[in-house]
Amino acid sequence: MDLEILRSFRAVAEGVTVTEAAADAHITQPALSRALRRLEGEVGAELFQRVGRVLRLTPAGRVFKEYVDTVLDGYDRGRRAVAEVVDPDTGVVSLAFLHTLGTWLVPRLVTGFRQRFAAVRFELHQADEHGLAQHLLDATADLIITGKDPGHPLITWRRLLVEPLWLAVPARHRLAQRRRVRLAEVAAEQFIVLKPGYGLRSVTESLCRQAGFAPVVGFEGEEVETLRGLVAAGLGVSLIPAAPDAAAAPETNPDLPIRYLSLTDVHAARDIGIACLASRTLPPATRRFVDHALRTTAAVKEK
């Protein structure tokens, strides 16, 4: 059976004549009559009985119609939902991103996009670097915003921007009054880092290696805000982005609970990029969001 025959069955069950139902289905009346008989054969029961010139549902037909209504209504709702997803003005953008980007970049991009396309909805997911790639491969997200190129053959990545990293130290730290230091100057101190699997953890370890030492890990967390809190409490130092409320030059702000120091012996920064499956044809709203993200970050870089 197919959906059109089920639609014709429902129409006849609701009082439409076979002739009218056939015309609506763009087939002949004999063809529809044969299709209804085949349907009865597949179901294994008579669905209609003739009363004069009118077809009426049998008890089996009434039971069957309840399920046909469910199938057809669900299918129609599904089609409407898909139409909303792929409509560029009312679609859905399924986006996964690093936890560290949830405090500044993602809100900015989403807010700017919604100012132009207010009816577009977002499905947002947070994960570490490995989890982000898996979101794409499992088709649970159409886009990811990540700290580095996943390096996967099925994933296409484009750089959005390069985010500076700073050495965060407590306000009473011995280096707190300086603006620039060498990373090697804190080689013996405890580092507060994200757990393994997070991109910022691997960046921290790489920068420390470049400075000639392996970091002594004192505390591990899952959120950059947690790292900032531990630094402010005097429990160690950390390589992190500046806080969202910090000035453009955070090393000049003496009122912050922690100090952000620039590094002179290593290039402390990380790539931020947007990625999707190379073979995936993105829905229109999602393509618009990619263009918006690239334009927005390009404008920031030009400033």
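A short tour of the structure in this document, coming up.

So, how was this worked out
Residues numbered from 1 in each chain as written. Predicted model: local features only at pLDDT ≥ 70, side-chain atom pairs only at ≥ 80, totals over all residues. Heavy atoms only, no water. Axes fitted to C-alpha atoms, helices over the stretch in contact; angles between N-to-C directions. Helix = DSSP H or I, 4+ residues; strand = E, 2+ residues; numbered from the N terminus. Parallel < 35°, antiparallel > 145°, perpendicular 65-115°, else oblique. Left-handed = near helix turned anticlockwise from the far one by under 90°. Contact = heavy atoms within 4.5 Å. Nonpolar A, V, L, I, M, F, W, Y, C, P; charged D, E, K, R; others polar. Expected span 1.5 Å × (residues − 1). Buried < 20%, exposed > 50% of the residue type's maximum accessible area, 1.4 Å probe, protein only. Arc of directions from axis to C-beta. Pairing = 2+ DSSP bridges.

1. Quick word on the packing of helix α1 (residues 3-13) against helix α4 (residues 59-86)
Then, number 1: Taken N-terminus to C-terminus, the directions of α1 and α4 make an angle of 125°; their axes are 10 Å apart at the nearest point. Considering their axes alone, α1 and α4 lie oblique with respect to each other. Crossing hand, α1 versus α4: left-handed. Contacts between α1 and α4 pair Leu3, Leu6, Arg7, Phe9, Arg10 and Ala13 from the former with Gly61, Phe64, Lys65, Val68, Asp69, Val71, Leu72, Asp73, Tyr75 and Asp76 from the latter.
Then, number 2: Partitioning the contact of α1 with α4 into residue classes produces 9 nonpolar, 1 polar and 6 charged.

2. Notes on helix α3 (residues 29-43)
Then, number 1: An ideal rise of 1.5 Å per residue puts 21 Å on 15 residues; α3 measures up with 21 Å between its terminal C-alpha atoms.
Then, number 2: Of the residues making up α3, those classed as buried are Leu32, Ser33, Ala35, Leu36, Leu39 and Glu40. The buried side chains of α3 occupy one side of the element, clustering within an arc of 160° when seen end-on. Away from the buried face of α3 by more than 90 degrees, exposed residues Arg37, Arg38 and Gly41 are located.
Then, number 3: On its buried side, α3 packs onto α1, α2 (18-25), β1 (48-51) and α4.
Then, number 4: Note on α3: the residue one or two positions beyond its end, Gly44, has a positive phi of about 90°.

3. A short note on the environment of Leu98
Then, number 1: Structurally, Leu98 is set in strand β3 (residues 92-98).
Then, number 2: Relative accessible area serves as the criterion here: at 3%, Leu98 is assigned to the buried category.
Then, number 3: Placed 101 residues apart in sequence, Leu98 and Gly199 show a C-alpha to C-alpha distance of 8.5 Å.
Then, number 4: The residues touching Leu98, leaving out its near neighbours within four places in the chain, are Ala127, Asp128, Glu129, Leu132, Ile145, Thr146, Gly147 and Arg270.

4. Considering the sheet that holds strand β5 (residues 143-146)
Sheet strands pair via backbone hydrogen bonds, and the direction of the pair is either parallel or antiparallel.
Then, number 1: With mixed pairing, 5 strands are arranged side by side in an open sheet as β4-β3-β5-β13-β6. Of all strands in the sheet, those bounded by a partner on one side alone are β4 (121-127) and β6 (155-164). For this sheet, the mean inter-axis angle between neighbouring strands, taken without regard to orientation, is 20°.
Then, number 2: Of the strand pairs in this sheet, β6 and strand β13 (residues 269-277) are connected by 9 bridges, and their pairing is antiparallel. Paired with Arg158 across the bridge in β13 is Ile274.

5. Side note on the side chain of Ser262
Then, number 1: Here Ser262 shows up in strand β12 (residues 258-263).
Then, number 2: Looking at Ser262, the relative accessible area reads 18%, which means it is buried.
Then, number 3: Setting aside residues up to four positions removed in sequence, Ser262 forms contacts with Trp166, Arg179, Arg180 and Val181.

6. Observations regarding the packing of α1 against α3
Then, number 1: The contact between α1 and α3 brings their axes to 10 Å, and the two run at 95°. With respect to each other, α1 and α3 are oriented roughly perpendicular. Of the residues in α3, those touching α1 at Ile5, Leu6, Ser8, Phe9 and Val12 are Leu32, Ala35, Leu36 and Leu39.
Then, number 2: Looking at the contact of α1 with α3, its residues break down into 8 nonpolar, 1 polar and no charged.

7. Some points on the pairing of β12
Then, number 1: Of all 6 residues that make up β12, 6 are buried, and the element is covered over most of its length.
Then, number 2: Of the two faces of β12, the one holding Ile258, Tyr260 and Ser262 and the one holding Arg259, Leu261 and Leu263 are both buried throughout.
Then, number 3: Where strand β7 (residues 166-170) and β12 come together, 4 bridges link them in antiparallel fashion. Along β12, the bridge assignment pairs Pro170 with Ile258.
Then, number 4: Two elements, strand β8 (residues 180-181) and β12, share 2 bridges in a ladder whose sense is parallel. Note that in β12 the partner of Val181 across the bridge is Leu263.

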